[in-house]
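Chain residues, written in single-letter form:
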Amino acid sequence: MDYKKNYRDWIDSPFLNEEGKAELTAIADNEKDIEYRFGGELEFGTAGMRGVIGYGMNMMNVYTVKRATQGLAEWVKSLGKAAMEKGVVISFDTRRKSEEFAKATAAVLAKNGIKAYLFDDVHPVPMLSYAVRYLKTIAGVMITASHNPKEYNGYKVYGEDGAQMSPEDTAIVVDYINKTDYLSVEGDENSALIFPVPAKLDEDYIEELSKLTLSKEAVEKCGANLKLVYTPVHGSGYKPVTAILKKLGINTTVVEEQTTKDTEFSTVKVPNPEFKETLSMGIELANKINADVVFGTDPDSDRLGVALKNEEGDFVALSGNQVGILLLDYILTRLAEDKAMPDNAAVVKSFVTTGMAKALCDDYGVTLYETPVGFKFIGEKIKQWERDNKHTYIFGFEESCGYLRGTHARDKDAVVASMLCAEMVCYYTYIGKTVFARLQEIYAKYGYVLDLNISVQYSGLNAMKEMNAVVDGLKTLKVDEIGGMKVDAVRDYSAAKRTAADGTVSEMDIPKCNCVYYELAGGSFICVRPSGTEPKLKIYYSIKAKDEVAAKAKLEELKVAVSALLEKAKA
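All residue numbers here refer to positions counted from 1 along the written sequence of the relevant chain. Residue-level local features of this predicted model are given only where pLDDT is at least 70; pairs of side-chain atoms are given and counted only at 80 or more, and the full residue set underlies all totals for whole chains, interfaces and linings. In computing side-chain values, all of the structure's heavy atoms are included and hydrogens and water are not.

Q: I'd like a description of the overall build of the protein, backed by residues and values.
A: Note on conventions: DSSP H or I runs of at least 4 residues are helices, E runs of at least 2 residues are strands, and numbering of each starts at the N terminus. Along its length, the protein carries 19 helices and 23 strands. Relative to the globule expectation of 25 Å for 571 residues, the C-alpha radius of gyration of the protein, 24 Å, shows essentially globular dimensions. Its C-alpha atoms put the protein at 70 × 55 × 50 Å along the principal axes. Think of it in three bands: with a 1.4 Å probe and only protein chains considered, a residue is buried below 20% of the maximum accessible area for its type, exposed above 50%, and partly exposed in between. Looking at the protein as a whole, 58% of its 571 residues qualify as buried. Here the Shrake-Rupley method, with its probe set to 1.4 Å, supplies the accessible areas, and only the displayed protein chains count as covering residues. By element, 50% of the accessible surface of the protein is carried by carbon and sulfur atoms, the whole surface being about 23200 Å². A residue counts as positive if it is Lys or Arg and as negative if it is Asp or Glu; His and the chain ends are not included. For this purpose, a charge sits on NZ of Lys, CZ of Arg, CG of Asp or CD of Glu. Positive and negative side-chain charges of the protein, numbering 70 and 83 respectively, have mean locations separated by a distance of 2 Å. Using C-alpha atoms as the atom set, the radius of gyration is obtained and then compared with a globule rule of 2.2 Å times the number of residues to the power 0.38.

This is the structure we're talking about:
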């Protein structure tokens with residue numbers, strides 16, 4: 001790809017706006033920056049596209065957004081007039097240029113004769129997913145980069161079932177995108193085909209969530225006296241999270257400084273509630289008012305971070321796996337206590353999510369399914385079971401702080417997760433127990449598991465290619481043990497094959513992705529995969545041990561062994 005020619009074509013184009021001309025003129029002497037912006041294209045994958053905000057083919061800007069939307073519009077038009085009339089619903093979060101990108105998306109769709117519903121203010125991912133089903137649209141678009149740093153934004157596409165668009169439909173959209181010019185796509189911002197999303201949708205969404213409560217009596221007894229601190233971390237969760245907690249009568253104190261729609265997320269290093277640092281202002285406030293629990297949601301409110309008091313009275317930030325296990329245990333417990341467990345109940349998790357889930361599901365006679373990373377695969381299971389009635393979906397979760405109870409949405413929902421976590425605290429308070437104590441009981445019953453994921457940062461134009469090459473290199477290595485732990489089997493998800501230690505190969509009925517997974521003796525595992533949204537190689541450890549001390553010691557051994565393994569894979 002001739003990046004210098006691409007740069008000149010952009011800067012000389014009559015379609016490039018003044019902001020773009022000024023930004024690109026300013027980098028005229030920066031060869032490396034020009035190559036990064038114009039030496040490749042922002043990839044549109046099964047989760048849409050995500051990148052650093054700026055002008056260029058490899059960046060997130062109004063032109064890459066309009067080009068992607070034109071591709072989506074061509075796909076909708078190919079489905080016929082009825083699909084065009086169903087339309088597309090568009091939402092956005094509090095990031096830089098999110099509203100501008102959302103309006104541009106609506107304008108391009110309308111120019112193509114497609115009805116566009118546009119939210120008038122920020123709304124989270126789960127509400128966009130809900131809106132697709134509520135309005136019966138053919139698709140949905142969410143402008144967000146989720147938990148990424150402030151420099152990023154993104155474009156996520158949803159199918160008519162409310163889940164992220166299927167790989168098959170995405171491939172068709174991408175083909176249309178590739179045939180579209182970057183700079184000459186037109187929109188019509190004043191089109192009569194652009195409609196506001198009905199305000200009643202917000203009320204109906206909250207009402208739908210309230211039907212999913214599991215401990216009404218405990219909430220009535222303890223909710224008003226509960227001391228809960230919530231921070232939206234400057235994101236779109238503020239209104240819906242506080243609305244559902246208020247509806248249930250759960251006392252909530254918000255971190256006022258973090259309720260503002262701050263595009264710079266200036267009070268945190270990164271707006272990712274997986275990190276304790278992101279919850280630090282909430283924890284500070286919680287200590288001040290002697291609160292019981294701290295919640296935090298990311299900019300698009302699909303991830304929930306939780307901090308609880310431990311036995312010493314200090315706040316500890318739970319991992320996504322720990323919150324997932326607590327919620328799973330709570331849901332199973334309450335359904336069983338109320339004799340409301342469906343006979344064909346099923347839980348879904350990604351295969352990198354904690355192995356503890358199987359022990360809990362087995363204990364309650366509930367079927368557990370594993371999917372590749374990405375909540376769209378959990379959404380696909382919901383859709384499948386609605387068609388064939390094989391199972392009743394009761395809960396889905398990922399280790400990256402993503403949870404969903406209910407089928408109102410088909411993506412992770414930090415609003416319903418906040419509601420469930422809050423009533424879970426009420427439930428354990430009601431029976432004279434703390435949530436932290438319940439977590440220790442779970443470990444005592446099912447065995448201690450340390451779950452951790454570590455990211456190796458990559459950079460540059462070839463970051464994604466380099467990460468995938470490392471994973472491909474791992475597939476060529478014969479690995480019998482890692483850090484003194486025997487490898488029972490190796491799963492190659494790109495081939496959907498599992499190779500046991502004795503050489504037996506079996507097929508896996510699971511969508512393919514580039515990932516290597518090592519099953520270790522005793523129920524532990526290590527998994528290596530490139531992120532689909534950031535230039536990071538992700539390494540997942542799930543270590544089963546007699547206690548936390550033993551697990552942490554084994555983790556250090558495994559980290560050294562995995563580093564050596566990755567170096568071999570690069571050779």
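There's more to say after this.
Q: Talk me through the pattern of salt bridges; I want residue IDs and the actual numbers.
A: Pairing is possible between side chains that carry opposite charge, provided their charged atoms lie close to one another. Counted as salt bridges are all cases of a side-chain nitrogen of Lys or Arg within 4 Å of a carboxyl oxygen of Asp or Glu. Following the criterion strictly, the structure yields 44 salt bridges and no others. Glu519 is the partner of Arg498 in a salt bridge, and the nearest nitrogen-oxygen pair spans 2.8 Å. Here Arg498 is found in strand β19 (residues 497-500), whereas its partner Glu519 is found in strand β21 (residues 516-520), with 21 residues between them in sequence. On the accessibility criterion, Arg498 (26% relative accessible area) is partly exposed. For Lys559, the salt bridge identified is with Glu556, shortest N-O distance 3.5 Å. Of this pair, Lys559 and Glu556 both sit in helix α19 (residues 548-570), three residues apart, roughly one helical turn. Relative accessible area serves as the criterion here: at 27%, Lys559 is assigned to the partly exposed category. Here Glu556 falls in the partly exposed class, since its relative accessible area comes to 43%. If you follow the salt bridges from partner to partner, you end up with Lys349, Glu370, Arg491, Arg498 and Glu519 in one network.

Q: So what about the environment of Met419? Which residues, and what values?
A: Among the secondary structure elements, Met419 is positioned in helix α16 (residues 414-430). The exposure class assigned to Met419 is buried, which follows from its relative accessible area of 0%. Setting aside chain neighbours within four positions, we find Met419 in contact with Leu209, Ser210, Leu212, Thr213, Ile244, Leu245 and Leu248. In this analysis, two residues are considered to be in contact whenever any of their non-hydrogen atoms come within 4.5 Å of each other.

Q: So, the state of the cysteines: which residues are in play, and what are the values?
A: Covalent bonding between the sulfur atoms of two cysteines defines a disulfide. A pair of cysteine sulfur atoms is labelled a disulfide when the two atoms are within 2.5 Å. Scanning the entire structure with this criterion turns up zero disulfides. Free cysteine Cys222: the closest other cysteine sulfur is in Cys426, separated by 5.9 Å. The thiol of Cys515 is not disulfide-bonded; the next cysteine sulfur, from Cys527, is found 3.1 Å away.

Q: Break down the pairing of strand β14 (residues 392-398) for me, citing the residues and quoting the values.
A: Burial within β14 is extensive, with six of its seven residues counted as buried. For two strands to be treated as a pair, DSSP must find no fewer than two bridges joining them. Two elements, strand β12 (residues 345-350) and β14, share five bridges in a ladder whose sense is parallel. Residue pairing across strands places Val347 opposite Phe395, the latter belonging to β14. Bridging between β14 and strand β15 (residues 402-404) involves three bridges; their strand directions are antiparallel. Within β15, the residue paired with Gly396 across the bridge is Leu404. Hairpin geometry of β14 and β15 is characterised by an intervening segment of three residues between the two adjacent antiparallel strands and by a positive phi of about 65° at Cys401.

Q: Before we move on, can you summarise the sheet that holds β15 with the specific residues and values?
A: Strand order in the open sheet made by the four strands is β13-β12-β14-β15, with mixed pairing throughout. Strand pairing shows two members of the sheet lacking a second neighbour, β13 (367-371) and β15, which therefore form its edges. Here the average twist between neighbouring strands, direction ignored, is 20°. Most of the contacts of helix α14 (residues 356-364) go to β13, to which it runs at about 155°, and overall it touches β12, β13 and β14. Note on method: axes are straight lines fitted to C-alpha atoms, helices fitted across the in-contact stretch only, with angles between N-to-C directions ranging 0 to 180 degrees.

Q: Account for the sheet that holds strand β4 (residues 139-143), naming residues and giving values.
A: Reading across the sheet, the six strands line up as β1-β5-β4-β2-β3-β6 and stay open at both edges, with mixed pairing between neighbours. The open sheet terminates on both sides in strands that have one partner only, identified here as β1 (49-52) and β6 (194-196). Geometrically, the sheet is characterised by an average inter-axis angle of 20° between neighbouring strands, direction not taken into account. Bridging between β1 and strand β5 (residues 152-158) involves four bridges; their strand directions are antiparallel. Bridging across to β5, Arg50 finds its partner in Gly154. The sheet strands contacting helix α6 (residues 98-111) are β2 (88-92), β3 (116-118), β4, β5 and β6, and the helix crosses β2 at an angle near 170°.

Q: How would you summarise the nonpolar core if you had to cite specific residues and measurements?
A: What tends to happen in soluble globular proteins is that the nonpolar side chains get buried as a cluster. Only buried Ala, Val, Leu, Ile, Met, Phe, Trp, Tyr and Cys residues count toward a nonpolar core, and they belong to the same one when joined by side-chain atoms within 4.5 Å. If you look at the biggest cluster of nonpolar residues, it comprises 106 residues, and the most contacted ones within it are Ile482 and Tyr518. With 13 residues, the single largest contributor to this core is α16. Ile482 has contacts with Val487, Tyr518, Leu520, Ile526, Leu558, Ala561, Val562 and Leu565, leaving out every residue within four places of it along the chain.

Q: Please set out the packing of helix α11 (residues 238-248) against α16 residue by residue, giving values where relevant.
A: The axes of two packed helices give the description: the angle between them and the distance between them. Between α11 and α16, the shortest axis-to-axis distance is 9 Å and the interhelical angle comes to 35°. In this structure, α11 meets α16 at a crossing whose hand is right-handed. Facing α11, whose interface residues are Pro240, Val241, Ile244, Leu245 and Leu248, α16 presents Ala414, Val415, Ser418, Met419 and Ala422. For this classification, Asp, Glu, Lys and Arg are treated as charged, while Ala, Val, Leu, Ile, Met, Phe, Trp, Tyr, Cys and Pro are nonpolar and the rest, including Gly, are polar. Looking at the contact of α11 with α16 residue by residue, the classes come out as nine nonpolar, one polar and no charged. Throughout, a crossing is termed right-handed when the near helix is turned clockwise from the far one, and left-handed when it is turned anticlockwise from it by less than a right angle.

Q: I'd love a proper account of α11, names of residues and values included.
A: All of the buried residues along α11 are Pro240, Val241, Ile244, Leu245 and Leu248. The arc that holds the buried residues of α11, viewed along the axis, is 125°, so those residues lie on one side. Turned more than 90 degrees away from the buried face of α11 sit Lys239 and Lys246, all of them exposed. Backbone geometry just after α11 places Gly249 at a positive phi near 80°. The arc in question is formed by the directions pointing from the helix axis toward the C-beta atoms.

Q: Could you give an account of the pairing of strand β7 (residues 228-231), with specific residues and numbers?
A: Alternating positions in β7 separate into two faces, Leu228 and Tyr230 on one and Val229 and Thr231 on the other, with burial throughout. Consider the strands pointing away from the viewer: the crossover is right-handed when the path from the first strand over the helix to the second runs clockwise. Crossover handedness for the path β7 to α11 to strand β8 (residues 252-254): right-handed. Here β7 runs beside strand β9 (residues 293-297); their pairing, made up of four bridges, is parallel. Residue Thr231 lies in a different strand from β9, and its bridge partner there is Gly296.

Q: Explain the side chain of Thr137 to me, using residue names and the numbers behind them.
A: Its location among the elements puts Thr137 in the loop between α7 (125-135) and β4. For Thr137, a relative accessible area of 1% translates into the label buried. When neighbours within four sequence positions are excluded, Thr137 is seen to be in contact with Lys86, Gly87, Val88, Val89, Tyr117, Val132 and Glu160.

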